[in-house]
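Fold and contact review
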Amino acid sequence: MNSDILAAMHNNMGIIMQKKENLEEAMQHYFLAIQLKPHYVKPYLNLAWALEEKGQFNQAIQCVYRALTLEPQNHEAIIAEARILEKFGKYEVAFKRILPLVSEYPTNIAVVDTFALLCLRLKQSHLALPLVEKLLQQELSPKYQSNFQYLLGHLYDSLQRYDEAFNCFEKANSLLPNSFDPVRFIHLIEQLKSIFTSAFVQKSTLLPSSRPLFIVGMPRSGTSLVEQILASHSQVGAGGELEDMSHFFHEIIQQNSFVNLTSEQLDHYAKRYLEHLNTLFSQKIYVTDKMPTNFLYLGFINLVLPQSKVIYCRRNPLDTCLSCYFQNFEGKNPYTQNLKMPIY
């Protein structure tokens, strides 16, 4: 089998893994595709997308620039560049990059989505409003209907058309499947409390690393802002939303071995985590991990990395709830989709 076919296979496997939200494995496949076929544009763009999902925007934009070096007029690469430049706050530069594509691809989902977001940032919502309204008149999958109802809601909100905005957010949330079970979640919390007692967490690893900075809290509570502030310091690297602790935790649950965890096993997980940080930022003294749901694993984190720092972000609960309801999490935080969710 020649290298071109193998590269395409790895790229496709990466896409499958990414759809399954296994970003680490997806990225490995993209890297292999690039190694096999260095002038293959698609894996660069897919790798950029995965890195963007992880909040690693510096690495993502480098992948996009490599793709643009290979194919300067590739519209997918231009869209990706504009999308990531928006993350850096370079709104005007991004707007100039995406604008020529709007007339050429007025019904392209990625073009309209990126253009509308930049119009919001530049307080030019009226420019994007007719494009999004027209797109929603087409036959779209429930996922894309929901995405653009969220976007339309934000456009209306910025134009002070608040009733129309709220209707859009209601439609957007209703289009997404909701699998959240509050009773089951409460049971999980009680289980965690019963496992990670003050006596149990005394059994911690001996690795004296204070390198990780864990930023936890509800989504929309300021975790991204805190990471940006910290990463502005020369000694801090922004790791984004790392999935390691969640993977380690569930790996141990599958083995049903929390009670029998040894110091050697804890050292093993600590080393794996620290090695990952080193691959991201070998020269930084501290690296942030802003996965908000790490609050579920703080007991485990205390066992594995007892000298790490934890920053807990809090915001007014009503502001947080509404902000979450207006935010498109693409179904990843289903508890945010229903304002009538019972509170226990």
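Remember, it's a predicted structure, so these values are computed and weren't measured experimentally.

Some words on the pattern of salt bridges
According to the stated counting rule, one finds 11 salt bridges in the structure shown. For the salt bridge of Glu53 with Lys332, the shortest nitrogen-to-oxygen distance reads 3.5 Å. Residue Glu53 is found in helix α3 (residues 41-53), and its partner Lys332 is found in the segment after α16 (317-325); the two are separated by 279 residues along the sequence. By relative accessible area, which is 44% here, Lys332 ends up partly exposed. Taken together, the shared-partner salt bridges in this structure form one network comprising Glu52, Arg83, Glu86, Lys87 and Arg121.

Structural notes on the sheet that holds strand β3 (residues 286-289)
One open sheet holds the 4 strands; their spatial order is β2-β3-β1-β4, and the pairing between them is parallel. At either margin of the open sheet sits one strand with a lone partner, and together these are β2 (236-238) and β4 (309-313). Taken over all neighbouring pairs, the strand axes of this sheet differ in orientation by 25° on average, direction set aside. The sheet contact formed by strand β1 (residues 212-217) and β3 spans 3 bridges and is parallel. Looking across to β3, one finds that Pro212 is bridged to Val287. The strands that helix α12 (residues 223-231) touches are β1, β2, β3 and β4; relative to β1, the one it contacts most, it runs at about 155°. On the sheet, helix α14 (residues 263-280) packs against β1 and β3 and is oriented at approximately 100° with respect to β1.

Re the nonpolar core
In terms of nonpolar packing, the biggest core is built from 57 residues, with Leu47, Ile98, Phe115, Val132, Phe148, Leu152 and Leu155 touching the most fellow members. Those residues in contact with Leu47 that lie beyond four places of it in its chain are Met27, Tyr30, Phe31, Ile34 and Cys63. With 28 residues, the next largest nonpolar core counts Val201, Phe249, Tyr273 and Leu274 among its residues.

Here's the deal with the environment of Glu21
Along the chain, Glu21 turns up in the loop between α1 (3-19) and α2 (23-36). Placed 197 residues apart in sequence, Glu21 and Met218 show a C-alpha to C-alpha distance of 20 Å. Glu21 has contacts with Glu243 and Lys332, leaving out every residue within four places of it along the chain.

Quick look at the environment of Ser210
In this fold, Ser210 is placed in the loop between α11 (182-195) and β1. Note: C-alpha distance between Ser210 and Gln307 (97 residues apart in sequence) is 4.9 Å. Those residues within four positions of Ser210 in sequence are excluded, and the remaining contacts are Tyr286, Gln307, Ser308 and Lys309.

Details of the packing of aromatic side chains
What the rule picks out here adds up to 16 aromatic pairs. Both rings, one in Phe248 and one in Tyr269, keep their centres 5.1 Å apart while their planes meet at 50°; by these two values the pair is tilted. Taken as a pair, Phe248 in helix α13 (residues 244-255) and Tyr269 in helix α14 lie far apart in primary sequence, 21 residues in all. Each member of the pair Phe248 and Tyr269 is classed as buried. Between Tyr325 and Phe326, the ring centres sit 6.2 Å apart and the planes meet at 55°, which makes this aromatic pair tilted. We classify Tyr325 as buried; its relative accessible area is 6%. The exposure class assigned to Phe326 is partly exposed, which follows from its relative accessible area of 22%. Its guanidinium or amino end placed over the ring of Tyr40, Lys37 lies 4.8 Å from that ring's centre, counting from NZ or CZ.

Considering the environment of Leu213
Relative to the helices and strands, Leu213 resides in strand β1. Between the alpha carbons of Leu213 and Lys134 there is a distance of 45 Å; along the sequence they are 79 residues apart. For Leu213, the residues in contact, after removing those within four places along its chain, are Leu230, Val236, Tyr286, Val287, Thr288, Asp289 and Lys309.

Let's talk about helix α4 (residues 57-70)
In an α-helix, one full turn covers 3.6 residues, which means residues spaced three or four apart are oriented alike. In this model α4 runs 20 Å from its N-terminal to its C-terminal C-alpha over 14 residues, within 8% of the 20 Å that 1.5 Å per residue would give. Those residues of α4 lying buried are Ala60, Ile61, Cys63, Val64, Ala67 and Leu68. Down the axis of α4, the buried side of the element spans an arc of 155°, and every buried residue falls inside it. Counted as exposed and oriented over 90 degrees from the buried face of α4: Asn58, Gln62 and Thr69. Structurally, α4 contributes buried residues whose contacts are with α3, α5 (75-87) and α6 (91-104).

Thoughts on the packing of helix α8 (residues 125-135) against helix α9 (residues 142-158)
Contact pair α8 / α9: the axes reach a minimum separation of 10 Å and the direction vectors enclose 150°. When the axis of α8 is compared with that of α9, the two are roughly antiparallel. Both α8 and α9 take part in a crossing whose hand is left-handed. Taking contact as the criterion, the partners of Ser125, Ala128, Leu129, Val132, Glu133 and Leu135 in α8 are, on α9, Phe148, Leu151, Leu152, Leu155, Tyr156 and Ser158.

What counts, and where the lines are drawn
Residues numbered from 1 in each chain as written. Predicted model: local features only at pLDDT ≥ 70, side-chain atom pairs only at ≥ 80, totals over all residues. Heavy atoms only, no water. Salt bridge = Lys/Arg side-chain N within 4 Å of Asp/Glu carboxyl O. Helix = DSSP H or I, 4+ residues; strand = E, 2+ residues; numbered from the N terminus. Buried < 20%, exposed > 50% of the residue type's maximum accessible area, 1.4 Å probe, protein only. Pairing = 2+ DSSP bridges. Axes fitted to C-alpha atoms, helices over the stretch in contact; angles between N-to-C directions. Contact = heavy atoms within 4.5 Å. Core = buried A, V, L, I, M, F, W, Y, C linked by side-chain atoms within 4.5 Å. Phe/Tyr/Trp six-rings, centres within 6.5 Å; stacked < 30°, edge-to-face > 60°. Lys NZ or Arg CZ within 6 Å of the ring centre and 35° of its normal. Expected span 1.5 Å × (residues − 1). Arc of directions from axis to C-beta. Parallel < 35°, antiparallel > 145°, perpendicular 65-115°, else oblique. Left-handed = near helix turned anticlockwise from the far one by under 90°.

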